[in-house]
Amino acid sequence: MSDFKSLLIALTPVAIHSEAEFADFDAALTKLDDELRVDQGTVLTEQLQNLDQDRDNVWRAIDMRINATLLCTIPEEVEAAKSLRRLFDLYGDVRRVSYNEQTAGLTNLGGDLTQRENAGFVATCGLGTWVSHLNNLNVAFKAKQDERDTVLANKKSGNAKVVRLEIDPLYELLVERVNALVSLNMQTPEIENFIIELNQKIKTLENTIAIREGRKDSGEEEEPPTPEDE
């Protein structure tokens with residue numbers, strides 16, 4: 001709708017004899033924009049991201065420390081590092097998965113690292129403090145995530161769907177005006193260019209939506225009206 005407005009402003013509503021209709025459309029679009037701007041986030045999101053970055057960095061530091069220890073020539077440290085390497089490899093790179101999967105993975109990894117059979121390896125590699133810090137960050141992340149989810153669940157949501165139902169008929173009316181001029185062979189080169197550009201934007205958007213929803217031109221949804229080509 002924003003693209004449609006921009007193209008129509010460039011064409012000018014006067015060109016399609018729709019100044020009043022465009023004014024109504026513009027007012028509805030402004031209302032829709034206001035609804036979409038309802039804050040769905042929270043300062044807790046930034047705090048959550050910072051905690052996630054911190055635990056990512058600590059996990060990476062431990063991972064690099066294990067690799068570095070494998071290169072040393074002290075036999076007992078190399079053997080300890082080998083055991084920890086095998087354990088880390090079981091969980092993979094936990095930074096590449098979703099928040100919930102990473103939290104669960106680090107919880108299990110932290111539990112394994114503190115077991116008696118592995119605690120000695122952790123101590124030999126000098127990772128006791130780092131492992132404790134990683135566990136604490138993971139617990140803090142989960143608590144912050146729960147706090148944020150509670151805040152978002154109680155946050156006022158926008159009424160964009162209702163407003164969109166108001167704007168659609170106004171859009172369709174403006175498209176009908178363009179099509180009427182084409183039917184009467186009254187289109188100008190500017191109107192023809194408007195039609196070409198708008199139809200291309202609609203096709204691009206449809207492809208994007210189809211990809212996001214895992215389908216391509218399934219025909220399940222009614223397509224919005226588009227200006228007719230000459």
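All values derive from a computational prediction rather than experimental measurement. (Residues numbered from 1 in each chain as written. Predicted model: local features only at pLDDT ≥ 70, side-chain atom pairs only at ≥ 80, totals over all residues. Heavy atoms only, no water.)

Chemist: Got a minute to help me understand the packing of helix α3 (residues 43–70) against helix α5 (residues 99–113) in this structure?
Modeler: When two helices pack together, their arrangement is given by the angle between the helix axes and the distance between those axes. Packing of α3 against α5 leaves a shortest axis separation of 12 Å and a crossing angle of 45°. In terms of their interaxial angle, α3 and α5 are classed as oblique. The chirality of how α3 crosses α5 is left-handed. For the pair formed by α3 and α5, the contact residues are Leu48, Gln49, Asp52, Arg55, Asp56 and Trp59 on the first element and Tyr99, Gln102, Thr103, Leu106 and Leu109 on the second. Counted by class, the contact of α3 with α5 contains five nonpolar, three polar and three charged residues. (Axes fitted to C-alpha atoms, helices over the stretch in contact; angles between N-to-C directions. Helix = DSSP H or I, 4+ residues; strand = E, 2+ residues; numbered from the N terminus. Parallel < 35°, antiparallel > 145°, perpendicular 65-115°, else oblique. Left-handed = near helix turned anticlockwise from the far one by under 90°. Contact = heavy atoms within 4.5 Å. Nonpolar A, V, L, I, M, F, W, Y, C, P; charged D, E, K, R; others polar.)

Chemist: Please clarify how helix α7 (residues 128–153) should be interpreted in this entry.
Modeler: Every α-helical turn comprises 3.6 residues, leaving residues that sit three or four positions apart pointing alike. The terminal C-alpha atoms of α7 lie 38 Å apart, and with 26 residues this matches the ideal 38 Å at 1.5 Å per residue to within 8%. Those residues of α7 that sit buried are Val131, Leu134, Leu137, Asn138, Phe141, Lys144, Gln145 and Arg148. The inward-facing, buried residues of α7 contact α3, α5 and α6 (116–124). (Expected span 1.5 Å × (residues − 1). Buried < 20%, exposed > 50% of the residue type's maximum accessible area, 1.4 Å probe, protein only.)

Chemist: Honestly, the nonpolar core in this entry has me stumped. Any pointers?
Modeler: Across soluble globular proteins, nonpolar side chains have a tendency to be buried as a group. If you look at the biggest cluster of nonpolar residues, it comprises 24 residues, and the most contacted ones within it are Phe4, Leu8, Ile16, Phe25 and Phe194. Mapped onto this core, the elements with two or more residues apiece are α1 (2–11), α2 (19–36), α8 (160–183) and α9 (189–212). Ranked by the residues each element gives to this core, the list is headed by α8, at nine residues. One finds Trp59, Ile62, Leu106 and Leu137 within the second-largest nonpolar core, a separate group that totals 22 residues. (Core = buried A, V, L, I, M, F, W, Y, C linked by side-chain atoms within 4.5 Å.)

Chemist: Is there a simple way to think about the packing of aromatic side chains in this case?
Modeler: Describing an aromatic ring pair means giving the distance of the ring centres and the angle of the ring planes. What the rule picks out here adds up to six aromatic pairs. Ring geometry for phenylalanine 4 and tyrosine 171: centres 4.8 Å apart, planes at 75°, overall edge-to-face. Highlighted residues: phenylalanine 4 in helix α1 and tyrosine 171 in helix α8, separated in sequence by 167 residues. By relative accessible area, which is 3% here, phenylalanine 4 ends up buried. For tyrosine 171, a relative accessible area of 6% translates into the label buried. A network of ring pairs unites the aromatic residues Phe4, Phe22, Phe25, Tyr171 and Phe194 as a single cluster. (Phe/Tyr/Trp six-rings, centres within 6.5 Å; stacked < 30°, edge-to-face > 60°.)

Chemist: Teacher, can you tell me more about unusual backbone geometry here?
Modeler: Generally, phi is negative for residues other than glycine and the peptide bonds are trans, each holding for most cases. The phi dihedral of histidine 17 falls on the positive side, at around 55°, and the residue is not glycine. Mapped onto the elements of the fold, histidine 17 is located in the loop between α1 and α2. Of note in the backbone geometry, asparagine 185 takes a positive phi value of approximately 60° without being a glycine. Following the sequence through the fold, asparagine 185 ends up in the loop between α8 and α9.

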